[in-house]
Amino acid sequence: MTTHLDRLLFAQGGQCFFCRKQLPKAEASVEHLVASANGGTNDDGNCVACCKSLNNLLGSRSIKEKMQIVLNQRGNFQCPGSGGIEPSVPPSSPPAATSVAAKATPAVGSGSAASLDLVLADLKKRGASRPRKVSTLTSTIKALLKQQQKPNSDVEVANLIAELQKRGKVVVTDSKVGYKLG
Ligand SMILES: [Zn+2]
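For the structure given in this document, a descriptive report is provided here.

Conventions we followed
Residues numbered from 1 in each chain as written. Predicted model: local features only at pLDDT ≥ 70, side-chain atom pairs only at ≥ 80, totals over all residues. Heavy atoms only, no water. Helix = DSSP H or I, 4+ residues; strand = E, 2+ residues; numbered from the N terminus. Contact = heavy atoms within 4.5 Å. Areas by Shrake-Rupley, 256 points an atom, 1.4 Å probe, with all protein chains shown as cover. Phe/Tyr/Trp six-rings, centres within 6.5 Å; stacked < 30°, edge-to-face > 60°. Lys NZ or Arg CZ within 6 Å of the ring centre and 35° of its normal. Core = buried A, V, L, I, M, F, W, Y, C linked by side-chain atoms within 4.5 Å. Buried < 20%, exposed > 50% of the residue type's maximum accessible area, 1.4 Å probe, protein only. Patch = residues over 30% accessible without salt bridge, like charges linked within 9 Å, V, L, I, M, F, W, Y side chains within 5 Å. Salt bridge = Lys/Arg side-chain N within 4 Å of Asp/Glu carboxyl O. Donors = N, O, S within 2.8 Å, 3.2 Å for Na, K, Ca; no water. Pairing = 2+ DSSP bridges. Axes fitted to C-alpha atoms, helices over the stretch in contact; angles between N-to-C directions. Parallel < 35°, antiparallel > 145°, perpendicular 65-115°, else oblique. Left-handed = near helix turned anticlockwise from the far one by under 90°. Nonpolar A, V, L, I, M, F, W, Y, C, P; charged D, E, K, R; others polar.

## Side note on the overall build of the protein chain
Across its full length, the protein chain carries 7 helices and 4 strands. If you list the helices and strands of the protein chain from N to C, you get α-β-β-α-α-α-α-α-α-β-β. Of the contacts made within the protein chain by residues no fewer than 6 positions apart, 52% connect residues no fewer than 24 positions apart. With an accessible surface of roughly 11,900 Å², the protein chain has 56% of that area assigned to carbon and sulfur atoms.

Quick look at the structure:
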C-alpha cells in the first residue's frame, strides 16, 4: 500500500519540497508545515515530503520561523516589483530625465545647468583675456558649447548670459561685459 510519504513524494516528483533534490524514501520524512503541536492537520494540504535533516531542524517551530529558515537559504527569492517578476504597473517614480529637469534652474532649459558650469569654468580659466563685449562673449560661449557638443543656439546662449547676470557673475553695461567670478 502507498503511505502518506509515498503520496507526497510522488506529487513532488520525487524531490524534497524545499531543496528540490532527488529524495530517496529512506531519507525522506513528512513535514507538517503547521506543526501537529500547533494544531496542524495530517492533510496533504499541510504536509510536504522533505529531507529528514530539515524536518528535524524545523521541528515544531512556528510557520513564521520556518519560512524565515527557508527564505534564509534562498538567495534568489524576489517579490513582485523589486526586479524579479515583471511588474504589471510601471514604477511610480518619475523617469530620470524628469528629475534632472526639475533640478535645473527654471530660467534655463534642461541640460543648461551643466552648460552654465562649463561656461563659468571657461571664463575663470581665461583670466584677463575674458570677452569685453556681449557680442564676443556670445560667440565665445557659442564656440565652447559647440566644442562640447552642447545645445548652442542663439536662444540657449542668450539664456546662459541672462542666467550669469542673474547670478551676479557677469555685469553687462551697455554692450560691455564685466565679471565677478570670484
Ligand atoms: Zn531537502
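Moving on from the model shown.
## Topic: the packing of aromatic side chains
In this structure the tally under the stated criterion is 1 aromatic pair. Ring geometry for Phe 17 and Phe 18: centres 5.1 Å apart, planes at 85°, overall edge-to-face. Geometry around Tyr 179 places Arg 130 over its ring, the cationic atom sitting 5.5 Å from the centre.

## Description of the nonpolar core
Ranked by size, the top nonpolar core spans 16 residues in total, and within it Val 119, Leu 123, Leu 137, Ile 141, Leu 164 and Tyr 179 carry the most contacts. If we skip the residues at most four places from it in the chain, Leu 164 touches Leu 116, Val 119, Leu 120, Leu 123, Ile 141, Lys 169 and Val 170.

## So, a nonpolar patch on the surface
Together, Val 34, Ile 63, Met 67 and Leu 71 make up a nonpolar patch on the protein surface, roughly 330 Å² of accessible area in all. Of note, Ile 63 is situated in helix 3 (residues 63-73).

## What about the pattern of salt bridges?
Using the criterion set out here, one finds 7 salt bridges in the structure. A salt bridge links Arg 126 to Asp 122; the shortest N-O distance between them is 2.7 Å. One end of the pair, Arg 126, and the other, Asp 122, are both in helix 5 (residues 112-126), 4 residues apart, so they sit about a helical turn from each other. Judged by its relative accessible area of 10%, Asp 122 falls in the buried class.

## Details of the coordination of the zinc ion
Surrounding the zinc ion are the protein donor atoms Cys 16 (SG), Cys 19 (SG) and Cys 51 (SG), which sit 2.2 to 2.3 Å from the metal. As a motif over one chain, the donors of the zinc ion read C-x2-C-x31-C. Here Cys 16 is found in the loop between helix 1 (4-11) and strand 1 (28-32), whereas its partner Cys 51 is found in strand 2 (residues 47-51), with 35 residues between them in sequence. Across this residue pair, the class does not change: Cys 16 and Cys 51 are buried.

## Some words on the pairing of strand 3 (residues 170-173)
Here is the key point about a regular strand: its side chains alternate between the two faces of the sheet. Here strand 3 runs beside strand 4 (residues 176-179); their pairing, made up of 4 bridges, is antiparallel. Bridged to Val 170 within strand 4 is Tyr 179. Between the antiparallel neighbours strand 3 and strand 4 lie 2 residues, among them Asp 174 with a positive phi of about 50°.

## Regarding the packing of helix 6 (residues 134-147) against helix 7 (residues 154-166)
At their nearest, the axes of helix 6 and helix 7 sit 10 Å apart, and the two run at 115° to each other. Taken as axis vectors, helix 6 and helix 7 run roughly perpendicular relative to one another. Helix-helix and strand crossings are classified by hand; for helix 6 and helix 7 the assignment is right-handed. Contacts from Leu 137, Thr 138, Ile 141, Lys 142 and Leu 145 of helix 6 reach helix 7 at Asp 154, Val 157, Leu 160, Ile 161 and Leu 164. Looking at the contact of helix 6 with helix 7, its residues break down into 7 nonpolar, 1 polar and 2 charged.

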